[in-house]
Amino acid sequence: MSLRVAVVGCGTVGSQVVRLLTTSVDDLSARVGDRLELVGVADRRPEAVVAQGVDPALVTEDSEGLVTRADIVVELIGGTEPARGLMLAALGSGASVVTANKALLAADGPTLYDAAAAAGVDLYYEAAVAGAIPVVRVIREGMLGDQVRRVLGIVNGTTNYVLDTMTTDGLDLDRAVKDAQRLGYAEADPTADVEGHDAAAKAALLASMAFHTRVSIDDVSCEGITGITDDDVAWAQRTGHVVKLLAVAERLSGGISVRVHPALVPQTHPLAGVRGAFNAVFIEAEAAGPIMLYGQGAGGVPTASAVVSDIVSAARNRVTGGRGPVESVYAALPVLPPAAAVSRFQVRLDVADRTGVLATVSTVLADAGVSIESVRQSPGGAVGRQAPVDVAHLVITTHEATEAARVATLAALDRLDVVYEVVSVIRVEGDMP
Ligand code: HSE
């Protein structure tokens with residue numbers, strides 16, 4: 001008897017999975033303890049799959065037929081349908097499923113987890129979060145004896161590349177995105193990456209696993225990088241930070257906060273050194289303290305590494321008769337509303353440069369219950385031709401405040417006559433535990 005593996009979707013990742021399964025079959029089978037056999041590769045463009053060198057006898061357009069004649073079905077189509085229907089059919093027929101489909105898991109994971117539980121089979125998804133980095137295993141298995149306090153992730157390589165290029169080459173956002181597209185990091189339509197949707201799906205999965213709580217993408221407050229300017233990036237450097245798009249999942253009193261937004265990360269924090277299109281996940285746990293995982297979060301070959309690891313795990317479980325980790329949601333912590341999130345922030349203001357302005361501005365923060373950590377003022381020169389006024393540029397960094405207090409502070413600052421412009425506000429994350 002051998003273990004029959006079917007791959008559905010043979011694009012960038014699928015073709016590399018097929019290659020690894022073919023070239024390393026002896027090693028992989030030895031790790032499983034039984035023979036792995038690739039029994040079919042389904043794709044809606046079979047001729048393209050054959051052109052990649054895949055044995056034509058394995059290639060089919062009939063994914064529905066394929067998924068019910070395998071022991072392990074690897075879903076790499078992405079999107080909602082037909083991926084969900086195929087996975088449910090596979091699970092219903094008793095096959096274990098391996099998928100990289102973060103969007104579907106973050107939107108409708110419970111349907112799939114429940115189907116896997118009902119069938120008594122595995123559903124593995126290592127490649128859904130941060131590509132090659134084995135973060136799903138680390139959180140689901142390595143942290144089982146601990147209490148995770150916070151997870152900070154750079155889980156989108158495209159935006160990390162864009163922000164890094166803005167920092168190192170001084171490019172503005174548009175030019176950095178075009179650069180990312182030229183190099184194949186960003187899609188022709190970069191919306192899912194730059195608006196944070198891709199990171200939000202991953203944040204939902206990270207939070208679910210870390211806090212043993214069902215978190216869907218609808219629970220994740222999400223802000224992308226489109227508001228970040230080259231000026232923001234330059235000021236970040238001046239104040240000892242770098243701008244990163246972070247997925248944040250943290251335990252607060254009363255529940256958990258799950259969000260994606262740009263953040264100023266201190267240059268001394270390990271996440272600040274994550275350059276280019278690399279990903280990293282920084283986990284803070286009660287007993288373990290900080291743990292950081294770093295590696296390639298995208299690309300066919302690295303992502304295939306995670307997929308094939310899942311295939312081996314699922315196959316090994318079938319040989320030994322056990323099951324891998326199942327959905328763990330016993331804690332059922334409330335997901336707090338965005339207004340309850342807590343972080344430090346840095347606000348940059350153009351203000352009138354005259355007596356008492358700093359006092360007026362600091363009173364606004366005090367009234368909102370926001371404590372100032374530091375203020376930096378630099379002359380902005382004279383602005384306006386008819387009646388020039390002297391302008392000062394203020395950079396105020398605060399201690400921790402709720403999102404509600406931050407919003408109230410910004411609204412109040414905006415109403416002050418002495419504030420000419422609230423130039424930008426960016427949260428500050430990553431104080432070392
Ligand atoms: N587009 C993603 C990224 C990879 O840039 O990291 C797939 O999730």
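Residues numbered from 1 in each chain as written. Predicted model: local features only at pLDDT ≥ 70, side-chain atom pairs only at ≥ 80, totals over all residues. Heavy atoms only, no water.

**Observations regarding the site of the ligand**
Taken together, Lys-102, Asn-156, Gly-157, Thr-158, Asp-193, Asp-198, Lys-202 and Ala-298 are the residues near the ligand. A distance of 2.6 Å separates an oxygen atom of the ligand from a polar atom in the side chain of Lys-102. (Near = heavy atom within 4 Å. Polar contact = N/O pair within 3.5 Å; in protein donor to acceptor, adjacent residues only side chain to side chain.)

**Digging into the packing of helix α8 (residues 157-169) against helix α9 (residues 173-182)**
Viewed as axis vectors pointing N to C, α8 and α9 meet at an angle of 125°, and their least axial separation amounts to 9 Å. The orientation of α8 with respect to α9, classified from their angle, is oblique. The element α8 and its partner α9 pack so that their crossing is right-handed. Residues Tyr-161, Val-162, Thr-165 and Met-166 of α8 form the contact with α9, whose own contacting residues are Leu-173, Ala-176, Val-177, Asp-179 and Ala-180. Broken down by class, the residue content of the contact of α8 with α9 amounts to 7 nonpolar, 1 polar and 1 charged. (Axes fitted to C-alpha atoms, helices over the stretch in contact; angles between N-to-C directions. Helix = DSSP H or I, 4+ residues; strand = E, 2+ residues; numbered from the N terminus. Parallel < 35°, antiparallel > 145°, perpendicular 65-115°, else oblique. Left-handed = near helix turned anticlockwise from the far one by under 90°. Contact = heavy atoms within 4.5 Å. Nonpolar A, V, L, I, M, F, W, Y, C, P; charged D, E, K, R; others polar.)

**What to know about a negative patch on the surface**
Together, Glu-47, Glu-61, Asp-62 and Glu-64 give the surface a local cluster of negative charge. Position of Asp-62 among the secondary structure elements: in the loop between β3 (59-60) and α4 (63-67). (Patch = residues over 30% accessible without salt bridge, like charges linked within 9 Å, V, L, I, M, F, W, Y side chains within 5 Å. Areas by Shrake-Rupley, 256 points an atom, 1.4 Å probe, with all protein chains shown as cover. Salt bridge = Lys/Arg side-chain N within 4 Å of Asp/Glu carboxyl O. Lys, Arg positive; Asp, Glu negative; His and termini not counted. Charge placed at Lys NZ, Arg CZ, Asp CG, Glu CD.)

**Here we look at the packing of helix α14 (residues 357-367) against helix α15 (residues 403-415)**
Any two packed helices are characterised by how steeply their axes cross, that is the angle between the axes, and by the distance between the axes. Where α14 meets α15, the axes come as close as 9 Å, and the angle between the chain directions of the two elements is 150°. Between α14 and α15, the angle is such that the two are roughly antiparallel. The crossing of α14 and α15 is right-handed. Counted together, Val-361, Val-364 and Leu-365 of α14 and Thr-409, Ala-412 and Leu-413 of α15 form the full contact between these two elements. Of the residues that constitute the contact of α14 with α15, the class distribution is 5 nonpolar, 1 polar and no charged.

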